[in-house]
Amino acid sequence: MLNKKIILLLKASVLISTFVSQCLLANMLISPMRVAFNDRDRSAEIILINPGNKTKSYRLDWVQLKAREMGGYDEMNEQQADNYPTASDMLRFSPKQVTLEPGGRQLVKLGARRPRDLANGEYRSHLRFTLLPDEQDADTEGKTGINLNLLLNYTIPVIIRQGALDYQVTIDSLQVDKIEVNDENRYNFIVNLTRSGHNSTFGSINVFWTRSNSNNEIKVAELNSLNFYSDVNHITRRLHWQPKDIAPSSGKFRVVYKGGKEFRGKILAEKTFNL
């Protein structure tokens, strides 16, 4: 029963996140999508682009978010944030609001100032980019009664690390899920991972398959830009089976969590499953 609930929640979150991402991409582009300050880092830059065909205004501010095991975030209230290792008090950014013409871009500068007695560990806040509605958007929202806030905000994590990196990640389980879409069978993997230590990790999960009685290993699934944050110890993620001309069958499945960004070149976790 628990596995079925997890699968249903994952399916719903994928549909919602895909819809929201498409709407956001039409209104703003942000690069990079994640910023991490290590011990000696003092500054960073983010590029904000208006990809649309209308002039748009954006407001930037901090928001404190806690990660969920199934993906996504919960916004913390002031009391919760006081008991959480946030980074925003140690960070400054500019500008705080900008108006961009179609195709225009803005460089957002970030600066980090650590207190001398900062304890070792990891601190995180999220920089929120809010697309401000123009008069026409406001009129449309008032007439239809639709709340567009979900489509207008996007956040990126900003991390400050103090001390040596401390993390361990293990891949606990792999499950194959079959669903029927338009009279076609589609397959997905449900991957469960566990983390310990003070620090989060970042990278991609790849699944490789070697069919029984074969020595030919092929990549069959991939999930990029995976943040495994330090405020959760377990996460569950869904990966789509990529080959269209074959279905999964018995064999060996090798799951690799490969590091990206500052973890580039590292294998963060790896495990083989016989299914």
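The model shown is predicted, which means the values in this text are computed figures rather than measured ones.

Calculation rules
- Residues numbered from 1 in each chain as written.
- Predicted model: local features only at pLDDT ≥ 70, side-chain atom pairs only at ≥ 80, totals over all residues.
- Heavy atoms only, no water.
- Helix = DSSP H or I, 4+ residues; strand = E, 2+ residues; numbered from the N terminus.
- Buried < 20%, exposed > 50% of the residue type's maximum accessible area, 1.4 Å probe, protein only.
- Contact = heavy atoms within 4.5 Å.
- Areas by Shrake-Rupley, 256 points an atom, 1.4 Å probe, with all protein chains shown as cover.
- Pairing = 2+ DSSP bridges.
- Axes fitted to C-alpha atoms, helices over the stretch in contact; angles between N-to-C directions.
- Phe/Tyr/Trp six-rings, centres within 6.5 Å; stacked < 30°, edge-to-face > 60°.
- Core = buried A, V, L, I, M, F, W, Y, C linked by side-chain atoms within 4.5 Å.
- Salt bridge = Lys/Arg side-chain N within 4 Å of Asp/Glu carboxyl O.

Here we look at the overall build of the chain
So, step 1. The number of helices and strands found in the chain is four helices and 18 strands.
So, step 2. Taken over 275 residues, the chain has a buried fraction of 42%.
So, step 3. Counting contacts in the chain only where the partners sit at least 6 residues apart, residues at least 24 apart contribute 71% of the total.
So, step 4. For the chain, the accessible area works out to roughly 15700 Å², and carbon and sulfur atoms hold 48% of it.

Let's talk about the sheet that holds strand 13 (residues 184-196)
So, step 1. Ordered by their spatial adjacency, three strands build an open sheet running 12-13-16, and the pairing between neighbours is antiparallel. Looking at which strands have only one partner, the edges of the open sheet turn out to be strand 12 (168-181) and strand 16 (234-240). If you compare each strand with its neighbour and ignore which way they point, the axes differ by 20° on average.
So, step 2. Where strand 13 meets strand 16, seven bridges bridge the pair, whose relative direction is antiparallel.

Considering the packing of aromatic side chains
So, step 1. Summed over the entire model, instances satisfying the criterion amount to seven aromatic pairs.
So, step 2. Centre to centre, the rings of Trp62 and Phe93 are 5.5 Å apart; their planes meet at 85°, and the pair counts as edge-to-face. Remark: Phe93 occurs in strand 7 (residues 91-94) and Trp62 occurs in strand 4 (residues 56-63); sequence separation between them is 31 residues.
So, step 3. Judged by relative accessible area, which is 9%, Phe93 ranks as buried.

Observations regarding the pairing of strand 12
Regular strands place side chains that alternate from one sheet face to the opposite one.
So, step 1. Across 13 bridges, the pairing between strand 12 and strand 13 is antiparallel. Each residue of the ladder has a partner; that of Val181, found in strand 13, is Glu184.
So, step 2. Hairpin connection, strand 12 to strand 13: the antiparallel pair is bridged by two residues, and Asn182 has positive phi, about 50°.

Considering the nonpolar core
So, step 1. Ranked by internal contacts, the top residues of the largest apolar core, which has 29 residues, are Phe189, Val191, Leu193, Val207, Val255 and Tyr257.
So, step 2. At the level of elements, strand 12, strand 13, strand 14 (201-211), strand 15 (217-228), strand 16, strand 17 (251-259) and strand 18 (267-274) are the ones that each hand at least two residues to this core.

Comments concerning the sheet that holds strand 3 (residues 43-49)
So, step 1. Read across the open sheet, the four strands follow the order 1-3-9-7; overall the sheet is antiparallel. Whereas interior strands pair on both sides, the edge strands pair on one side only; in this sheet they are strand 1 (29-31) and strand 7. Across the sheet, the axes of successive neighbouring strands diverge by a mean angle of 20°, strand direction being ignored.
So, step 2. Pairing between strand 7 and strand 9 (residues 105-112): four bridges, direction antiparallel. Among the inter-strand pairings, Ser94 is bridged to a residue of strand 9, identified as Lys109.

What to know about the side chain of Thr210
So, step 1. By the secondary structure assignment, Thr210 is in strand 14.
So, step 2. Those residues in contact with Thr210 that lie beyond four places of it in its chain are Asn215, Asn216, Glu217, Gly251 and Lys252.

Comments concerning the pattern of salt bridges
So, step 1. On inspection of all chains with the given rule, the structure shows 10 salt bridges.
So, step 2. Notably, a salt bridge pairs Glu222 with Lys219, separated by 3.4 Å at the nearest N-O pair.

Observations concerning the environment of Leu107
So, step 1. Considering the arrangement of structural elements, one finds Leu107 in strand 9.
So, step 2. A relative accessible area of 34% places Leu107 in the partly exposed class.
So, step 3. Every residue in contact with Leu107, bar those within four places of it in the chain, is listed here: Glu45, Ile46, Ile47, Ser94 and Pro95.

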